[in-house]
Amino acid sequence: MTKSATQVLEPQQHTTRSVIDLRSDTVTRPTAAMRKAMAEAEVGDDVYGEDPTVNRLEASAARIFQREAALFVPTGTMGNQIAIKVHTRPGQEIICEERAHILDWEMGMPALFSGCVLRTLRGDDGILIWSEIKKKIPSHSYARAQTGLIELENTHNMAGGTVTPVEVMEEVCDAAHDRGIPVHLDGARVFNAAVALKLPVADVTRKFDSVMFCLSKGLGAPVGSMLVGSRSFIDQARSVRKALGGGMRQAGVLAAAGLIALEEMPKRLHEDHANARFLADSLARIPALGINPERVKTNIVIFDVSGTGTTSDQLLRRLRDQNVIGSAVSDSIVRLVTHMDVTRADCEQAAEIIRKVCA
């Protein structure tokens, strides 16, 4: 049993067993330092702007991203939807990759809350390039919905944690700005991208009009995400946050953990990347699985199980019986995500269990 593995109570046996949870980096538990900081956090009413710990978190995010201001929000979905609302007006289109989080996992909120339609295109490895994006921008016509926003995702979740190069993103931003179109980055795991690119996160994101990033994924905080941008953008975003019910009160108890996540946890993300690559290399030695380890750049491992003669759900049920948990992307694609609660020993054990199940 590894110390890092999640302890799950079995209701019938009333005992605990060791589970290697590779469903997502959202399953991490707060560190001892985070728990202590939360217990001792200085708080105030954040809706009045009076929570000192939230204010410190927002100031730190603005400094790290070299932006004028930042906003603490409960979730990444809320952060993305706030940005969409601020940047667009009803009846416009948003261009995004066809597997984007804002399309597949955010409950149709661009249409419901902002009145916008998503115009999608497929990017190789989830990476959108300007030469393809511009084909989706309509000519000015009273009969066509106009492009109000371009949205990129880095890393790209459903493409396997792939990383968009800085020059590709900046070409999109420059060309879009020339047409008066803002660009938002869903940077839920942008610190993973920055580590993979070996660049400061501010250099990776500098040309975007707004950036959302999660504290509660690879950075390990229990709750929260951030929006960064200009002072004017954040002022508007604060109002939209309240409209969505995101005006929290003594939120410093959450922001305290977020501060540690933001300032300390990016230093260890390379460990997750190394574990993911180890896992991918191990899975590549299983003949029934389809995977190219060279494509694993961050902490997400995606592989094809069709060669096993089972579906993703069937294979995952068999793995769960052996105390390894993953998630299905489709009937034939499985996703595993490494994080701070998964050790190299856990990855070795998981790979061996997968090998036996596939055999």
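Residues numbered from 1 in each chain as written. Predicted model: local features only at pLDDT ≥ 70, side-chain atom pairs only at ≥ 80, totals over all residues. Heavy atoms only, no water.

**Digging into the pairing of strand 7 (residues 183-186)**
Each regular strand carries side chains that alternate between the two faces of the sheet. Side chains V183 and L185 project from strand 7 onto one buried face, and the interleaved H184 and D186 project onto a second face that is buried too. In this structure, strand 6 (residues 147-153) lies alongside strand 7, joined through four bridges in parallel fashion. Each residue of the ladder has a partner; that of L152, found in strand 7, is L185. What joins strand 6 to strand 7 is helix 7 (residues 166-178), and the crossover it makes is right-handed. (Buried < 20%, exposed > 50% of the residue type's maximum accessible area, 1.4 Å probe, protein only. Helix = DSSP H or I, 4+ residues; strand = E, 2+ residues; numbered from the N terminus. Pairing = 2+ DSSP bridges. Right-handed = clockwise from strand over helix to strand, strands pointing away.)

**Here we look at the side chain of E170**
Structurally, E170 is set in helix 7. In this structure E170 comes out as buried when scored by relative accessible area, which is 14%. Each residue touching E170, except ones within four places of it in the same chain, is listed here: D203, R206 and K207. (Contact = heavy atoms within 4.5 Å.)

**Regarding the nonpolar core**
Grouped together as the largest cluster of nonpolar side chains are 50 residues, with contacts concentrated most on F72, I133, I150, L152, F191, F213 and L215. Considering each element in turn, this core owes the most residues, seven residues, to helix 11 (residues 252-264). If near-sequence neighbours (up to four positions away) are discounted, F213 is found in contact with A61, F65, G187, A188, V190, F191, S225, M226, V228 and L262. Judged by nonpolar contacts, the second largest core, of 27 residues, contains I20, A276, F303 and L316. (Core = buried A, V, L, I, M, F, W, Y, C linked by side-chain atoms within 4.5 Å.)

**Here's the deal with the packing of helix 3 (residues 76-87) against helix 10 (residues 231-243)**
Helix-helix packing is characterised by the crossing angle of the two axes and by the distance between the axes. One way to put it is that helix 3 packs onto helix 10 with a least axis distance of 9 Å and a crossing angle of 115°. Here the hand of the crossing between helix 3 and helix 10 comes out right-handed. Counted together, M78, I82, A83, K85, V86 and H87 of helix 3 and F233, Q236, A237, V240 and R241 of helix 10 form the full contact between these two elements. Residue composition of the contact of helix 3 with helix 10, grouped by class: seven nonpolar, two polar and two charged. (Axes fitted to C-alpha atoms, helices over the stretch in contact; angles between N-to-C directions. Left-handed = near helix turned anticlockwise from the far one by under 90°. Nonpolar A, V, L, I, M, F, W, Y, C, P; charged D, E, K, R; others polar.)

**Topic: helix 7**
Since there are 3.6 residues in each turn of an α-helix, residues three or four apart along the chain are aligned in direction. When the terminal C-alpha atoms of helix 7 are compared, their 18 Å separation across 13 residues agrees well with the 18 Å that a helix rising 1.5 Å per residue should span. Among all positions of helix 7, only V166, V168, M169, E170, V172, C173, A175 and A176 are buried. If you follow the buried residues of helix 7, they end up packed against helix 6 (130-133), strand 6, strand 7, helix 8 (190-197) and helix 9 (201-205). Taken from the residues just after helix 7, G180 is the one with a positive phi, measuring 75°. (Expected span 1.5 Å × (residues − 1).)

**A short note on the sheet that holds strand 6**
Read across the open sheet, the seven strands follow the order 3-9-8-7-6-4-5; overall the sheet is mixed. Each edge of the open sheet is held by one strand with a lone partner, namely strand 3 (69-73) and strand 5 (117-121). Pairs of neighbouring strands in the sheet enclose a mean axial angle of 20°, with direction left out of account. Summarising the sheet, strand 4 (residues 93-97) and strand 6 pair through three bridges and their orientation is parallel. Bridge pairing in strand 6 links E93 to T147. Against the sheet, helix 2 (residues 52-64) makes contact with strand 3, strand 8 (210-214) and strand 9 (225-229), and its axis sits at roughly 130° relative to strand 3, the strand it touches most.

**A few points about the confidence of the model for the protein chain**
On average, the protein chain scores 94 in pLDDT, and the residues at 70 or more come to 95%. Across residues 1-17 the pLDDT falls below 50, and counting only partners more than four positions away or on other chains, this stretch makes 35 contacts in the model. (pLDDT = per-residue confidence, 0-100.)

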